[in-house]
Amino acid sequence: MMKGSEVEKEVCAYAERVGFMSIKFRDLSRAGGPDRLFISNTGNVAFVEFKSPSEPVSVRQDDYIMDLKKHYVTVNIIRDVDAGINLISQMASQDALRGWG
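Keep in mind it's a predicted model, so treat the numbers as computed, not measured. (Residues numbered from 1 in each chain as written. Predicted model: local features only at pLDDT ≥ 70, side-chain atom pairs only at ≥ 80, totals over all residues. Heavy atoms only, no water.)

**Some words on the pattern of salt bridges**
The criterion, for reference: For this analysis, a salt bridge means a side-chain nitrogen from Lys or Arg found within 4 Å of a carboxyl oxygen belonging to Asp or Glu. Labels follow the DSSP assignment, with helices taken as runs of H or I lasting at least four residues and strands as runs of E lasting at least two, numbered in each case from the N terminus.
Under the counting rule described, the total for this entry stands at 6 salt bridges. Close ionic contact of Lys24 with Glu8 constitutes a salt bridge, the shortest N to O distance being 3.0 Å. You can see Lys24 sitting in strand β1 (residues 21-24) and its partner Glu8 sitting in helix α1 (residues 4-17), a full 16 residues away along the chain.

**A short note on the sheet that holds strand β4 (residues 75-78)**
To keep it simple, the criterion reads: Strand pairing is assigned whenever DSSP identifies at least 2 bridges connecting the two strands. Axis lines are fitted through C-alpha atoms, for helices just across the contact stretch, and the angle between N-to-C directions can take any value from 0 to 180 degrees. Note on contacts: a residue pair qualifies if any of its non-hydrogen atoms lie within 4.5 Å across the two residues.
Taken together, the 4 strands give an open sheet; going across it, the order is β1-β2-β3-β4, and neighbouring strands pair in mixed fashion. This sheet does not close on itself; its edge strands, each paired only once, are β1 and β4. Put simply, the sheet's adjacent strands are angled 30° from each other on average, direction ignored. Its contacts with the sheet put α1 on β1, β2 (36-39), β3 (45-50) and β4, and the angle it makes with β2 is roughly 15°.

**Some thoughts on unusual backbone geometry**
Phi is positive for Tyr72, close to 65°, though the residue is something other than glycine. Structurally, Tyr72 can be placed in the loop between α2 (59-70) and β4.

**A look at the nonpolar core**
We count it as follows: In plain words, nonpolar cores are sets of buried Ala, Val, Leu, Ile, Met, Phe, Trp, Tyr and Cys residues tied together by side-chain atoms within 4.5 Å. Partly exposed describes any residue whose relative accessible area lies between the buried limit of under 20% and the exposed limit of over 50%, with all areas from a 1.4 Å probe on protein chains only and scaled to the type maximum.
Counting 15 residues, the largest nonpolar core has Phe38, Phe50 and Ile88 as its most contacted members. Mapped onto this core, the elements with two or more residues apiece are α1, β3 and α3 (81-97). Counting 6 residues, the second largest nonpolar core, distinct from the first, contains Leu37, Phe47, Ile65 and Leu68.

Read these as geometric descriptors, not functional statements.
So, in structure tokens, the structure goes:
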């Protein structure tokens, strides 16, 4: 079973290979923020929290995610490399439909 950090590393490498920005997200004013922010060529954005398959989301993380949801922001919880690559691929497909692929 892979650690969340190992999943993160592989998904970030894939995202960067297909032209995405991969930004380590840090909120200096509050704990519990998602791990990464991915930005596509058209400005399509995804917040991602990486976890191992058995690792729970902490209370602070859940609170942060709920606050983002109040602002209509989705946070993707990614627990394996395939799910992360699928997310990035879906975003890349949306870019291609817009003529940016």
